[in-house]
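Observations on the three-dimensional arrangement
Next come the chains, spelled out residue by residue.
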Amino acid sequence: MAAGWRQKWPCGYRFVVLSVMLGCVGSLEPITTGIAIATASALTGYLSSPRFYCRFVECCEEEQPLNVSALEADLSQKLFGQHLVQKVILKALNGFMRNPNPKKPLTLSLHGWTGTGKNFVSKIIAENLYPTGTKSKFVHLFVSTLHFPHDSQIPLYKDQLQSWIRGNVSLCERSLFIFDEMDKLHAGLVDAIKPYLDYYDHIDGVSYRKAIFIFLSNAGGDLITRKVLDYWNEGKSREDLQLKDLEAVLSVGLFNNRNSGFWHSGLIEKNLIDFYVPFLPLEFRHVKMCVLAELKDRGFEPDEGIAGDVAKEMTYYPKEEKLFSDKGCKTVPYKLDLFL
Ligand SMILES: *[C@@H]1O[C@H](CO)[C@@H](O)[C@H](O)[C@H]1NC(C)=O
Ligand SMILES: *[C@@H]1O[C@H](CO)[C@@H](O)[C@H](O)[C@H]1NC(C)=O
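This structure is a prediction, so every number in the text was calculated from the model and none was measured.

**Remarks on empty space enclosed by the protein**
- Counted by the stated rule, this structure contains one cavity of 30 Å³ or more.
- Here the lining of the largest cavity is built from residues that sort into seven nonpolar, one polar and two charged.

Below you can see the structure in the form of structure tokens.
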């Protein structure tokens, strides 16, 4: 953390603070002055210490340990119907943050239909890594349709993306980059950052090994749904689904899908994605849980009746089984307004 705060810390500051303080006590008698000077120096030491400074200005905390029980509580209490996500995210972050010397940055690829909780989980991760969460200056969000909309500008975007990542990781090794709407990202753009995700000590003097990259995408949602539906048809519980049932399906599916953002991507080919995180489609009972959580958030008593009514407002697919909410929990807050 030293390098992070030192760079932004004006060198003359300690001196200025000390002079101002001495100026104020200069007119006192000698003994008092002596005590005042001692007090002033002690205070100045504290005032110019990172501990004081970092209370007001966000500092890059590279050695900040992860509070695993806090992360676990967030994942189990605020996220519904995602037993695989809970397990993988906890394992991935805990392992990575405990390792003082990771060999490469952590890369997570989150997959599933809208409303299943991908953005929500990246927010939880950000909040558990930085006190200010997604507002932290070390958290960077890239949205494909917003930041990289034009196919004709791909070479420019590649340069920009590389320089942003290099620039930000130079300022703080423990930086978090979130790529939303990966399925709308031009095929090939993601390979521009491949060198940063690879097993290098450093590139041009910058080490990327403590950074975290999260990719969010709807791609693979169909594959996941099919798997959950198969389970349901076989009379098995979705909670019995294992990560290995889905991991291989996802990586192959994404690589071969032109609209996944990972089409023929070197990231997959070179195994640079550490974890594929499958978000399962949400059922009626999960939507109800989302409503109850939203009620609690707004300070209302839990109300099963309202929760059921809101959940009934959602539309469910596939046509015959009508099992999964097609917007997950996404529109729950708006639908809830209709019932309050
Ligand atoms: C970790 O989080 C738990 C639950 O939020 C909290 O009770 C505990 O004090 C935290 N521990 C540390 C070391 O911050
Ligand atoms: C850090 O990333 C942001 C985009 O999130 C970019 O605008 C900024 O220029 C980058 N900073 C540096 C120093 O490269």
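**Brief notes about the state of the cysteines**
- Taken as a whole and assessed by the stated rule, the structure comprises three disulfides.
- Note on cysteine connectivity: Cys54 is disulfide-linked to Cys59, with sulfurs 2.0 Å apart. Torsion about the S-S bond of the Cys54 and Cys59 cystine: about -90°, corresponding to left-handed handedness. Accessibility classification places Cys54 together with Cys59 in one group, the buried group.
- The side chain of Cys60 participates in a disulfide bridge whose partner is Cys172; the two sulfur atoms lie 2.0 Å from each other. In this structure the cystine formed by Cys60 and Cys172 twists about its S-S bond by roughly 75°; its chirality is therefore right-handed. Highlighted residues: Cys60 in the loop between helix 4 (50–56) and helix 5 (68–78) and Cys172 in the loop between helix 9 (154–171) and strand 3 (176–180), separated in sequence by 112 residues. Assigned by exposure class, Cys60 and Cys172 land together as buried.
- For the chain, the bonded cysteines pair up as 1-2, 3-4, 5-6 when numbered in the order they occur along the sequence.

**What about the side chain of Asn128?**
- Inspection of the secondary structure puts Asn128 in helix 7 (residues 118–129).
- At 3.4 Å, the side chain of Asn128 and the backbone nitrogen of Leu71 are in polar contact.
- Apart from the residues lying within four places of it in its own chain, the contact partners of Asn128 are Leu66, Asn67, Ala70, Leu71 and Asp74.

**Quick look at the confidence of the model for the chain**
- When pLDDT is averaged across the chain, the result is 86; 89% of the residues are at 70 or more.
- Across the chain, element-level confidence peaks in helix 7 with a mean pLDDT of 97 and bottoms out in helix 1 (residues 2–7) with 42.
- Note that pLDDT drops below 50 for residues 1–13; the model gives that stretch 19 contacts with residues more than four away or on any other chain.

**Considering the site of ligand 2**
- Close to ligand 2 lie His140, Ser163, Trp164, Gly167 and Asn168, which account for all nearby residues.
- A distance of 3.2 Å is found between an oxygen atom of ligand 2 and a side-chain nitrogen or oxygen belonging to His140.
- In the model, an oxygen atom of ligand 2 is placed 2.3 Å from a nitrogen or oxygen of the Asn168 side chain.
- For ligand 2, whose accessible area on its own is 360 Å², the fraction buried by protein is 57%.
- Here the residues of the shell around ligand 2 sort into one nonpolar, four polar and no charged.

**A short note on the environment of Leu216**
- If you trace the backbone, Leu216 turns up in strand 4 (residues 212–217).
- On the basis of relative accessible area, Leu216 is assigned to the buried category, the value being 0%.
- Along the chain, Leu216 and Asp183 lie 33 residues apart, while their C-alpha atoms are 8.2 Å from each other.
- Setting aside residues up to four positions removed in sequence, Leu216 forms contacts with Leu110, Lys118, Asn119, Ser122, Ile178, Phe179, Asp180, Glu181, Met182 and Asp183.

**Some thoughts on the packing of aromatic side chains**
- Applying the stated rule across the entire model yields eleven aromatic pairs.
- Look at Phe142 and Phe177: their rings are 6.4 Å apart centre to centre, the planes differ by 5°, and that puts the pair in the stacked class. Within this pair, whereas Phe142 is found in strand 2 (residues 139–143), its partner Phe177 is found in strand 3, the two being separated by 35 residues in sequence. Accessibility classification places Phe142 together with Phe177 in one group, the buried group.
- Arranged with centres 5.3 Å apart and planes meeting at 35°, the rings of Phe179 and Phe215 form a pair that is tilted. Here Phe215 lies in strand 4 and Phe179 lies in strand 3, a separation of 36 residues in the sequence.

**Focus: the packing of helix 11 (residues 221–233) against helix 12 (residues 243–255)**
- Direction vectors running N to C along helix 11 and helix 12 enclose 150°, while the axes themselves pass 10 Å from each other. On the basis of their axis angle, the class for helix 11 and helix 12 is roughly antiparallel. Crossing of helix 11 over helix 12 shows right-handed handedness. Along its contact with helix 11, which presents Leu223, Ile224, Lys227 and Tyr231, the element helix 12 presents Asp245, Leu246, Val249, Leu250 and Gly253.
- Partitioning the contact of helix 11 with helix 12 into residue classes produces six nonpolar, one polar and two charged.

Definitions and limits used
Residues numbered from 1 in each chain as written. Chains lettered and ligands numbered in written order. Predicted model: local features only at pLDDT ≥ 70, side-chain atom pairs only at ≥ 80, totals over all residues. Heavy atoms only, no water. 1 Å grid on protein atoms, 1.4 Å probe; cavity = no way out; pocket = protein on both sides within 12 Å on 5 of 7 lines; lining within 4 Å. Points joined across faces, edges and corners; volume = space filled by probe spheres on them. Nonpolar A, V, L, I, M, F, W, Y, C, P; charged D, E, K, R; others polar. Disulfide = S-S within 2.5 Å. Buried < 20%, exposed > 50% of the residue type's maximum accessible area, 1.4 Å probe, protein only. Helix = DSSP H or I, 4+ residues; strand = E, 2+ residues; numbered from the N terminus. Polar contact = N/O pair within 3.5 Å; in protein donor to acceptor, adjacent residues only side chain to side chain. Contact = heavy atoms within 4.5 Å. pLDDT = per-residue confidence, 0-100. Near = heavy atom within 4 Å. Areas by Shrake-Rupley, 256 points an atom, 1.4 Å probe, with all protein chains shown as cover. Phe/Tyr/Trp six-rings, centres within 6.5 Å; stacked < 30°, edge-to-face > 60°. Axes fitted to C-alpha atoms, helices over the stretch in contact; angles between N-to-C directions. Parallel < 35°, antiparallel > 145°, perpendicular 65-115°, else oblique. Left-handed = near helix turned anticlockwise from the far one by under 90°.

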